[in-house]
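# Structure at a glance
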Amino acid sequence: MEGYGGGGDLLSEAMCSGARVVVVEDCVDAPGAFVLHLLLKRALAGGGGGGAALLALAQPFSHYDRVLRKMGCNLSVHRKSERLHFFDLQSFPGGTSGGGIADSLAQLYNGVRRAVEANMAKESDGRFTVMIDDVSLLEVAANGSADDVLDFLHYCVTLTSEMNCSLVVLVHEDIYSSEDGVGLLLHLRYIADLVIRAAPLSTGLAADVHGQLSVVNKGMMLSEQRLAKGQKVWNFHFKVKENGTEFFYPGSRH
Amino acid sequence: MAAAAGVGGQALGRSSFSRAASSKTASSSSSPTASGVKLGPNGAAFVSSGIPDLDSILGGGFLLGSVVMVMEDSDAPHHLLLLRAFMAQGIVHKQPLLFAAPMKEPRTFLGALPAPVASSKEDVRQRAVMGSGDARASDEGLRIAWQYRKYFGDERTSSAEHRDNKQEFSNDFDLRKPLERHLLNAQHIECVSTQDAASLSDLQDRCSTFISRHPRKDGGNLNAGRIAIQSLCAPQCGYFGKDWDMVSFIRSLKAMVRASNAVAIITFPYTVLSDSFCKRWQHLADTLMSIKAIPDEDKDLAKLLTGYQDMVGFLHVHKVAQTNSQVPVILEASTFSLKLRKRRSLVLERLNQAPVDGSSGPSSGASGSCSSSAQSSQLDF
């Protein structure tokens, strides 16, 4: 549990430590960005020297800085000490780079790779996390070319096996619910060790419960000693707060 | 202490609390900012949507630096009501405006903008009393029995009067009276026609030059810009069908707006988009609303809802923009009825279900048992 443990909450219990590729799925009614915030905080927390690279397409740095600060994690300091490598991709790929989207993505990959290698060079034993805050927007930046995005993602996945590194990816599930554009989501689910899915309550709006989270452990099938103590599918409710998120089983409160 | 004092004490404590809150908002709106910009928590700054009810539903108004998207009804042009109010409010506040629409001469649309109402005291009082039952108390943590709502009446008038003394953040608009010409001519208003435009690059350039004049400044003298884009994906636009271009336009517009002191409102006829692109658009929105007209003579609805005669449509709030916070805004109600009061001013009210006569619908069982128990208790005493 060194990677994600220590929280003592349901989510960290549900996430097995060996997960190298984590896919967070959300939809319009239940945004899943809070899971990213949580994982980013955990990746940077502790003195173990873990690091992170955040590929931000959805929000600027100031947003993450403010949100994580309320959770007790100072991104500005981490950025200065080069534990956090922040890639601001809001205007990616930009008009100036001459080549096509494939070249831009290749450059981006090189940037990520350098960040990972720099972390390796520091001889820290902590794990490095590469986080993409919205793959759907990466697809938009690639002007709909899902193949280029998938190539990029596969390169990122190779990083996780070559170096001690994990990949966390947010994707909007409901975009791919119709049959014509399902490809990217299926690929993501295939490469994922762990799928975290945020969904709204089926009973509608609630002030106390913001939605439900289901965690599916796929990678756990490989090692049977984990199968003994863990379970494969977890379902629980969540309530997002400024300084963190509460997880609880349905009906276990009040 | 509330438990000891009972319900009455609770109501009292509650009202004093919200009075303090209202005076706080009044003072924050009077702080030295540019006209029409209100500061909120978390470093947020709001501009008014032009509909006071919508402002209070959204917790202050449209957030500066956010993209508001409105899903149009395919049959009725009710989204234009929102656009008109938004644009007219900007002009009243002397904020620069960029308007794009799929029509030959977008400037003609400016002639249809409504004029602000000179609000009389009586009008304010009436609206406060009427509004006390709806969702405008957005900070209301406690649910208070309907009997106590009358206590909120005067308090609301006081806050409304309070607001009148200040520079008004939001005006009521009279939809029957056109905005005065000199206001339209004096302003910095740009119009772009998206009809027959072969690509979105022209609109994008216009937007970026417009936005570059409003760089983001925290505090100080805020001057907000407004961008209104009507029916972005309408079939009469030349770029219709280039789905990826439109999504990446919205994405870059969002990035530009985020780094500036501007608000963009985009209405779009979502039925012409495919499901997956419609979802993409919705994900790109910071604030997402949909608007729906109601059929003229729907007997069932008329029976179900009070005040059906004045209703013109429903407004559904899907998402509310948040800055620098991960906590989603959960509204107490997300569907509101859009009413034209006295055929001229636009109000939003929570849906009030009329008492059901116990013959139709699944809720009739519950209400039926309620009334029967009430009857029996009447008999008991």
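To keep things clear, this report deals only with the structure shown in the data block. (Residues numbered from 1 in each chain as written. Chains lettered and ligands numbered in written order. Predicted model: local features only at pLDDT ≥ 70, side-chain atom pairs only at ≥ 80, totals over all residues. Heavy atoms only, no water.)

## Section: the overall build of chain B
As a reminder of what qualifies: Only runs of H or I of at least four residues qualify as helices and only runs of E of at least two qualify as strands under DSSP, and these elements are numbered from the N terminus. Think of it in three bands: with a 1.4 Å probe and only protein chains considered, a residue is buried below 20% of the maximum accessible area for its type, exposed above 50%, and partly exposed in between. Working rule for contacts: check all heavy atoms of both residues, and any pair within 4.5 Å makes them a contact. All accessibility values rest on the Shrake-Rupley procedure with a 1.4 Å probe; residue burial counts only the protein chains present in the view.
If you tally the helices and strands in chain B, you get 11 helices and 14 strands. Looking at the 381 residues of chain B, the share that counts as buried comes to 51%. Pairs at least 24 residues apart make up 76% of the contacts formed inside chain B by residues separated by at least 6 positions. Total accessible area on chain B stands at roughly 17,500 Å², and carbon and sulfur atoms take up 53% of it.

## What about the overall build of chain A?
Counting its secondary structure elements, chain A contains nine helices and nine strands. The burial tally for chain A puts 55% of its 254 residues in the buried class. Across chain A, every contact between residues at least 6 apart in sequence was considered, and the portion connecting residues at least 24 apart equals 68%. For chain A, the accessible area works out to roughly 10,800 Å², and carbon and sulfur atoms hold 52% of it.

## Let's talk about the pattern of salt bridges
Threshold: The salt bridge definition used is simple: a Lys or Arg side-chain nitrogen within 4 Å of an Asp or Glu carboxyl oxygen.
Counted according to the given criterion, the structure contains 19 salt bridges over all chains. The salt bridge involving Glu25(A) is made with Arg189(A); its shortest N-O contact spans 2.8 Å. Taken together, the residues span a long stretch of sequence, with Glu25(A) in strand E1 (residues 21–26) and Arg189(A) in helix H8 (residues 183–191) at a distance of 164 residues. For Glu332(B), the salt bridge identified is with Arg350(B), shortest N-O distance 3.5 Å. With Glu332(B) in the loop between strand E12 (311–319) and strand E13 (335–341) and Arg350(B) in strand E14 (residues 345–350), this pair connects stretches of sequence that are 18 residues apart. With relative accessibility at 42%, the residue Glu332(B) sits in the partly exposed group. Here the residues in one salt-bridge network are Glu25(A), Glu173(A), Arg189(A) and Arg197(A), joined through shared partners.

## Some words on the sheet that holds strand E3 (residues 62–63) of chain B
Remark on secondary structure: sheet strands pair via backbone hydrogen bonds, oriented parallel or antiparallel. Residues and elements named next belong to chain B. Under the convention used in this document: Think of it this way: DSSP has to see at least two bridges between two strands before they count as a pair.
Taken together, the three strands give an open sheet; going across it, the order is E1-E2-E3, and neighbouring strands pair in antiparallel fashion. Since the sheet does not close on itself, it has two edges, and those belong to strand E1 (37–39) and E3, each with one partner. The sheet contact formed by strand E2 (residues 45–47) and E3 spans two bridges and is antiparallel. Within E3, the residue paired with Phe-46 across the bridge is Leu-63.

## What to know about the interface of chain A and chain B
Heads up, the condition is: The term buried area denotes the loss of accessible surface (1.4 Å probe radius) that occurs when two parts are joined, taken as the sum for both partners.
Across the boundary between the two partners, chain A contributes 40 residues, which contact 26 residues of chain B. Carbon and sulfur atoms make up 57% of the surface buried where chain A meets chain B, a total of about 2,800 Å² over both sides. Ranking the residues of chain A by area buried against chain B places Val28(A), Val140(A) and Ile175(A) at the top, with a combined share of 22%. Our count for the chain A to chain B interface comes out at one salt bridge. We note a salt bridge from Arg280(B) to Glu139(A), for which the minimum N-O separation is 2.9 Å.

## Considering the nonpolar core
All names here are of chain B. We apply this condition: Side-chain atoms within 4.5 Å are what join buried Ala, Val, Leu, Ile, Met, Phe, Trp, Tyr and Cys residues into a set we call a nonpolar core.
Membership of the largest hydrophobic core comes to 82 residues, with the highest contact counts inside it found for Met-69, Leu-232, Leu-253 and Trp-281. Excluding anything up to four places from it in sequence, Met-69 contacts Ile-250, Ile-266, Phe-268, Trp-281, Leu-284, Ala-285, Thr-287, Leu-288 and Met-289. Among the nonpolar cores identified, the runner-up in size contains 48 residues, and Val-37, Ile-57, Val-70 and Leu-113 belong to it.

## What about the packing of helix H5 (residues 101–121) of chain A against helix H7 (residues 146–162) of chain A?
Residue and element names in this part refer to chain A. For the record, the criterion: Here an axis means a line fitted to C-alpha atoms, over the contact stretch when the element is a helix, while the angle between two N-to-C directions is reported on a 0 to 180 degree scale. Oblique is the label for every angle not falling under 35 degrees (roughly parallel), over 145 degrees (roughly antiparallel), or within 65 to 115 degrees (roughly perpendicular). Here a crossing is taken to be left-handed if its near helix is turned anticlockwise relative to the far helix by less than a right angle, and right-handed if that turn runs clockwise. Gly is placed with the polar residues, together with every amino acid not listed as nonpolar (Ala, Val, Leu, Ile, Met, Phe, Trp, Tyr, Cys and Pro) or charged (Asp, Glu, Lys and Arg).
Following both chains from N to C, one finds H5 and H7 inclined at 15°, their axes separated by 10 Å at the closest point. Looking at the two axes, H5 sits roughly parallel to H7. Where H5 crosses over H7, the handedness of that crossing is right-handed. Between H5 and H7, the residues in contact are Ile-101, Ala-102, Leu-105, Leu-108, Tyr-109, Val-112, Arg-113 and Val-116 and Asp-148, Val-149, Phe-152, Tyr-155, Cys-156, Thr-158, Leu-159 and Glu-162, respectively. Looking at side-chain class alone, the contact of H5 with H7 contains 12 nonpolar, one polar and three charged residues.

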